[in-house]
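Survey of secondary and tertiary structure
Chain by chain, the residues run as shown.
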Amino acid sequence: MSKIIVVTSGKGGVGKTTTSASIASGLAKRGHKTCVIDFDVGLRNLDLIMGCERRVVYDFINLINGESKLNQTLIRDKRVKDLYILPASQTRDKDALTKEGVAKVLDELKSEGFEYVVCDSPAGIEAGALMALYFADEAIIVTNPEVSSVRDSDRILGILQSRSKRAEDGGEPVVEHLLITRYDPERVEKGQMLSIDDVSELLSVELIGVIPESKDVLEASNAGMPVILSEDSNAAQAYDDSIARLLGEQRPMRFTQVQKKGLLGRLFG
């Protein structure tokens, strides 16, 4: 059975596209046939992070409008066997996304045996973001540990609970997960950043992962590669842990405490 997961937040720049790319890649690495869709019509970035920008011929809007077929539009990832990318259009308006059109594409993906469809939402609450979350079965709320990001995420939670298809149909609510990105335990200890407990208390959503602040994220993005494929990095391991929890596994939270320095570290900084 296919499951639709939206990666969303109220604020821009918190790591939604990085998270979408890593979650989709991680699910596919585990053998699940997965498609990741870029809903940011007009400002697409997912294809850059996935390293397939030169392979885009048709896009999401072409598919919705019947100007291309699914097998023409999907881009198969070269590194992960079961992963496919559906890029956004750079030249169309967000109003080109319609509920009927998106529903048609999602139904077609389900009929092609995709187990997971990851929807990379644009920031805020404009048309593209609302369309990305409308059909969701589960939502990953991405937030940085700072007040404005958490406040905006709380707004998105309200929309999920009232304006999703599940809410309209009176069905089971969208399953919500919290992912904290750019976490720095040293700054938390100095009072410069909200703690995990602070964020969890404010949003009251199940925490599935904490991604540490890491230069590997930027380096991987610039190289056109989801950071989860940089297997030696802390960020990659944290994303892998998050996917395990998403799938129901129990794993301890890592990279959330200040690492104590040894004698040489204390002497030489």
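Preceding block: the structure.
Let me sum up the structure you'll find in this document. (Residues numbered from 1 in each chain as written. Predicted model: local features only at pLDDT ≥ 70, side-chain atom pairs only at ≥ 80, totals over all residues. Heavy atoms only, no water.)

**Section: helix α5 (residues 99-111)**
To keep it simple, the criterion reads: By the criteria applied, helices consist of DSSP H or I runs no shorter than four residues and strands consist of E runs no shorter than two, each listed in order from the N terminus. By this rule the span expected of a helix is its residue count minus one, scaled by 1.5 Å.
The end-to-end C-alpha separation of α5 is 18 Å, in line with the 18 Å expected for 13 residues at 1.5 Å each. Gly-113, located one to two residues past α5, shows a positive phi value of around 85°.

**Digging into the pattern of salt bridges**
Here is the rule we go by: Whenever a carboxyl oxygen of Asp or Glu lies within 4 Å of a side-chain nitrogen of Lys or Arg, that contact is scored as a salt bridge. Relative accessible area decides the class of each residue, using a 1.4 Å probe on protein chains only: under 20% of the type maximum gives buried, over 50% gives exposed, and in between gives partly exposed.
The tally for this structure, following the rule as stated, stands at 18 salt bridges. Here Asp-137 makes a salt bridge to Arg-166, at a shortest N to O gap of 3.0 Å. Of this pair, Asp-137 sits in the loop between α6 (127-134) and β6 (138-143) while Arg-166 sits in helix α8 (residues 165-169), and the two are 29 residues apart along the sequence. By relative accessible area, which is 17% here, Asp-137 ends up buried. A relative accessible area of 26% places Arg-166 in the partly exposed class. Here the residues in one salt-bridge network are Arg-30, Asp-240, Asp-241, Glu-249, Arg-251 and Arg-254, joined through shared partners.

**Observations concerning the state of the cysteines**
A covalent bond between the sulfur atoms of two cysteines is referred to as a disulfide. Put simply, the test is: By convention in this document, the label disulfide applies to cysteine sulfur atom pairs within 2.5 Å.
With the rule as written, the count across this model stands at zero disulfides. Distance from the sulfur of Cys-119, which forms no disulfide, to the nearest cysteine sulfur (Cys-35) is 8.4 Å.

**Thoughts on the packing of α6 against helix α7 (residues 147-163)**
What counts here: Between N-to-C directions, angles span 0 to 180 degrees; the directions come from axes that are lines fitted to C-alpha atoms, helices contributing only their stretch in contact. Orientation categories follow fixed angle ranges, with anything under 35 degrees roughly parallel, anything over 145 roughly antiparallel, 65 to 115 roughly perpendicular, and all other angles oblique. For any pair of crossing helices, the crossing counts as left-handed if the nearer helix is rotated counterclockwise from the farther one by less than a right angle, and right-handed if it is rotated clockwise. When checking whether two residues touch, look at their non-hydrogen atoms; a contact exists if any pair is within 4.5 Å.
It is the contact of α6 with α7, at a shortest axis distance of 10 Å, that shows an interaxial angle of 55°. One way to sum up the angle between α6 and α7 is to call them oblique. Seen along the crossing, α6 lies across α7 with a hand that is right-handed. Across from Leu-130, Leu-133 and Tyr-134 in α6, the residues of α7 making contact are Ile-159, Leu-160 and Arg-163.

**Looking at the pairing of β6**
The criterion, for reference: Strand pairing is assigned whenever DSSP identifies at least 2 bridges connecting the two strands.
Most of β6 is tucked away, with six of its six residues classed as buried. Here β6 shows no split at all, with Glu-138, Ile-140 and Val-142 on one side and Ala-139, Ile-141 and Thr-143 on the other all buried. Sheet analysis places strand β1 (residues 3-8) next to β6, joined by four bridges and oriented parallel. Paired with Val-7 across the strands is Ile-140, a residue of β6. In terms of strand pairing, β6 meets strand β7 (residues 175-183) through six bridges, oriented parallel. When the sheet's bridge partners are listed, Glu-138 is paired in β7 with Val-175.

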